[in-house]
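Geometric and topological summary
Spelled out from the first residue to the last, the chains are:
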Amino acid sequence: MPLSPAQVRHIAKLARLEISDAEVEKYSRELSSILSYIEKLKEVDTTGVEPTAQVTGLTNAFREDVIAPQGPTTAELLATSPLPIEEQQIETPSAHG
Amino acid sequence: MSISSLTIGEAHDKLLKKEISSTELTKACIEQIEKVDGTINAVVHRNFEGALEEAQRIDAEQNFDHPLAGIPFLVKDVYCEKGIPTTACSNVLRSKDYIPPFESTTTRRLKEKNAISLGKANTDEFTMGSSTETSCYGVTKNPWDLKRVAGGSSGGPAAATIADECLFALGTDTGGSIRQPAHFCGCVGLKVTYGRTSRFGVMSMASSLDSIGTLAKTVEDAAIILGTIAGKDPLDGTSGNMPVLDYRKTLKNGVKGLKIGLPKEYFIDGMHADVEKAVRDAAKTFQSLGAEIVDVSLPLTPYALATYYVLCPSEVSSNMARYDGLRFGHLEDKSADNLIELYIKNRTGGFGPEVKRRIMIGTYALSAGYFDAYYRQAQKVRTLVKKDFEDAYKNVDVILAPVAPTPAFIIGANNNDPVQMYLEDVFTVPINLAGIPGLALPCGQSKEGLPIGMQILGPQWGEETILRAGYAFEQATDWHTRRPTL
């Protein structure tokens, strides 16, 4: 089931990626090819089969609600940001534009 | 012969006897990197000054009780090491070199035993790929034939290990990324049971599939490393409670009576004849050592790859969301009009084409209207793939299989069609879907002189058995002693 250019553009928008017109064509081809390979999953009878979300066999990996000081400082964490820092906050463009 | 070509076992022995020092060993690895890495391009960040300082400290303390004390290793560029650039070989983290302010649990456990980190090894961008061709630092060349890939995504760790640039290297395996490079490069590659070791501090690709592991020169070395890095970690909620065994001690227990399954779905038309022959010959070797070969069937195998290529990109699309350029990463254009514009520009400017492809497939599979058809269905098929193995292990102890349909391919050969590249993973991804362990080790050579490996697969938590089987094979053969000429 090939993806239309509109679908590809929509996916890119959801993924916060910008793609040029030439790329729309390329991704449409490549993604359609991958998706048609994946179609074969429909051949498998999965009636009554539970989905697998994780393979650890664990349930509820809890710990006591106790503060254990560890890890980097606020300053160390902020140091990796490429944006300006003001009063321990990362300054970004407005969310509203 | 440089001492960088020693195994961990051999180096440990010499360090104890004071025949060599850790500083000499570290210098030998550094010299080897300086000699050959211009050719193979396996090392992407160098921590030479730090490594030599550590070596000198360790030599002064003179405590070589632990087998990894004073042993130099390389780290796949996705394990965060405090103060050492870690970039996932992506422009997203390379444009302002990401220097983690924290340490991954796995590297911390190794360093607590005084193993020495030499720096970072090359990988496909965010470990997405089967050839290390998508790395922003360029491809890693196969030391056995420089026209060919070293495999992926742990191409750097595998090439570096077989080229004696280090004594071992850390890798990750989400769909075969340790085992396939081990097969292409002729070294040992251990993928652990999901949850056997901690993923804390390792940049996630697909969180339900990512596995920690190592590239090494011998099975014994892999057992030593496993014993050091395994175990529950409160910082990783998916790490399991199973006790860490003495994997080195049980290596010599042999394979008499061991039932080894040969899955018929892993010997397919079109696979390289030398690969099939090498693995079938290995089965005969196991028989001569007292093991019993049993035919088994894993009927869902033809669907495992499709399952993986829904689940993996879906999880990728979620994990890559954090790379928005705020707290870390590529800043394309500070003057973006609004936040969403900024995200779009940073991500578009930083990610490579394979990563974008996978993000988009995943976004589609998870989007409204398609979730049930793709993602939910794939999760159900995953249950069946896992059950295939559980059923097989009722009749056999381990499973023996080829790692990939061919030996190392020519650089650029698979670049025109993503599906063609994905087919390289057909024998490795089922293992990740099931969450079981796999040990790849050399068992032959192609007519062109390229290494061929096999994988020994265990049930969940079955590392002791697969290591024991691999060790027995090494004692009876000499494939693991071969090294490329560089």
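Relevant structure appears above.
Just so we're clear, the structure is a prediction, and the values are computed from it rather than from any experiment. (Residues numbered from 1 in each chain as written. Chains lettered and ligands numbered in written order. Predicted model: local features only at pLDDT ≥ 70, side-chain atom pairs only at ≥ 80, totals over all residues.)

Of regular secondary structure, chain B possesses 16 helices and 13 strands. A globule of 486 residues ought to have a C-alpha radius of gyration of about 23 Å, and chain B, at 21 Å, matches this closely. When the backbone C-alpha atoms are referred to their principal axes, chain B occupies close to 65 × 55 × 45 Å. Out of the 486 residues in chain B, the part that is buried amounts to 64%. Pairs at least 24 apart in sequence give 77% of the contacts found in chain B among residues at least 6 apart. (Helix = DSSP H or I, 4+ residues; strand = E, 2+ residues; numbered from the N terminus. Rg over C-alpha atoms; globule rule 2.2 N^0.38 Å. Buried ≥ 20, exposed ≤ 12 C-beta atoms within 10 Å, placed from the backbone. Contact = placed C-beta atoms within 7 Å.)

With that out of the way, let us pick up the nonpolar core. Residues and elements named next belong to chain B. Judged by nonpolar contacts, the single largest core of 170 residues is most densely connected at F73, V188, V398 and M454. Considering each element in turn, this core owes the most residues, ten residues, to helix 10 (residues 301-319). The residues touching F73, leaving out its near neighbours within four places in the chain, are L110, A115, I116, S117, L118, C166, L167, F168, A169 and L170. (Core = buried A, V, L, I, M, F, W, Y, C linked by C-beta atoms within 7 Å.)

Let us now look at the interface of chain B and chain A. Across the boundary between the two partners, chain B contributes 57 residues, which contact 45 residues of chain A. Of all the secondary structure elements, the ones that give two or more residues to the side of chain B that touches chain A are helix 10, helix 11 (339-350), helix 12 (353-366), helix 13 (372-392) and helix 14 (418-422) of chain B. In terms of residues, the side of chain B that touches chain A owes the most to one element, helix 13 of chain B, which gives eleven residues. The residue makeup of the side of chain B that touches chain A, split by class, is 29 nonpolar, 17 polar and eleven charged. (Nonpolar A, V, L, I, M, F, W, Y, C, P; charged D, E, K, R; others polar.)

With that out of the way, let us pick up helix 2 (residues 21-38) of chain A. The periodicity of an α-helix, 3.6 residues per turn, causes residues three or four positions apart to be oriented the same way. In a regular helix each residue adds 1.5 Å, so 18 residues correspond to 26 Å; helix 2 of chain A covers 25 Å between its end C-alpha atoms and thus fits that length. All of the buried residues along helix 2 of chain A are Y27(A), E30(A), L31(A), I34(A) and I38(A). The buried residues of helix 2 of chain A all sit within an arc of 95° when viewed along its axis, so they share a single face. Seen from the open side of helix 2 of chain A, the exposed residues pointing more than 90 degrees away from its buried face are D21(A), A22(A) and S36(A). Each element contacted by the buried residues of helix 2 of chain A is listed here: helix 1 (5-14) of chain A together with helix 10, helix 12, helix 13 and helix 14 of chain B. (Expected span 1.5 Å × (residues − 1). Arc of directions from axis to C-beta.)

Turning next to the sheet that holds strand 10 (residues 292-296) of chain B. Think of a sheet as strands paired side by side through backbone hydrogen bonds, with each pair either parallel or antiparallel. Residue and element names in this part refer to chain B. The eleven strands are arranged 1-3-2-6-8-7-12-13-11-9-10 in an open sheet whose pairing can be described as mixed. Every interior strand has two partners, whereas the edge strands, strand 1 (43-46) and strand 10, have only one. On average, each strand axis in the sheet is tilted by 30° relative to the strand beside it, whichever way the strands run. Pairing of strand 1 with strand 3 (residues 116-121), which is carried by three bridges, proceeds in the antiparallel orientation. The residue of strand 3 that forms the bridge with R46 is G119. Seen against the sheet, helix 16 (residues 463-476) touches strand 11 (398-402), strand 12 (438-445) and strand 13 (451-457) and runs at an angle of roughly 20° to strand 12. (Pairing = 2+ DSSP bridges. Axes fitted to C-alpha atoms, helices over the stretch in contact; angles between N-to-C directions.)

In this structure, S153(B) follows G152(B) across a cis peptide bond, with omega equal to 5°. For S153(B), the position within the fold is in the loop between strand 5 (145-149) and helix 6 (155-162). The phi angle at N60(A) is positive, at roughly 50°, despite the residue not being glycine. The backbone of T127(B) shows a phi angle near 60°, a positive value even though the residue is not glycine. With respect to the element layout, T127(B) can be found in the loop between strand 3 and strand 4 (141-142). Note on T127(B): 32 C-beta atoms within 10 Å, which makes it buried.

Attention shifts here to the pairing of strand 3 of chain B. All names here are of chain B. With six of its six residues buried, strand 3 lies for the most part within the structure. As paired elements, strand 2 (residues 72-76) and strand 3 share four bridges and run parallel to each other. Pairing of V75 across the sheet is with K120, part of strand 3.

Residue and element names in this part refer to chain B. With twelve residues, helix 11 extends 16 Å from end C-alpha to end C-alpha; this agrees with the ideal 16 Å at 1.5 Å per step. Residues of helix 11 that are buried include every one of L342, Y343, I344, K345, N346, R347 and G350, and no others. Packed against the buried residues of helix 11 are helix 4 (91-94).

This next bit is on the environment of E34(B). Residue and element names in this part refer to chain B. You can see E34 is positioned in helix 2 (residues 22-40). For E34, a count of 13 C-beta atoms within 10 Å corresponds to the partly exposed category. Sequence separation between E34 and I399 is 365 residues; the distance between their C-alpha atoms is 40 Å.

Both strand 4 of chain B and strand 5 of chain B contribute to a ladder of two bridges, which runs antiparallel. Across the sheet, the residue bridging to N142(B) is D145(B), located in strand 5 of chain B.

Moving on: the environment of G9(B). All names here are of chain B. For G9, the position within the fold is in helix 1 (residues 8-16). Sequence-wise, G9 and G458 are 449 residues apart; in three dimensions their C-alpha atoms are separated by 24 Å. Filtering out sequence-adjacent residues up to four positions away, G9 remains in contact with T218, E220 and D221.

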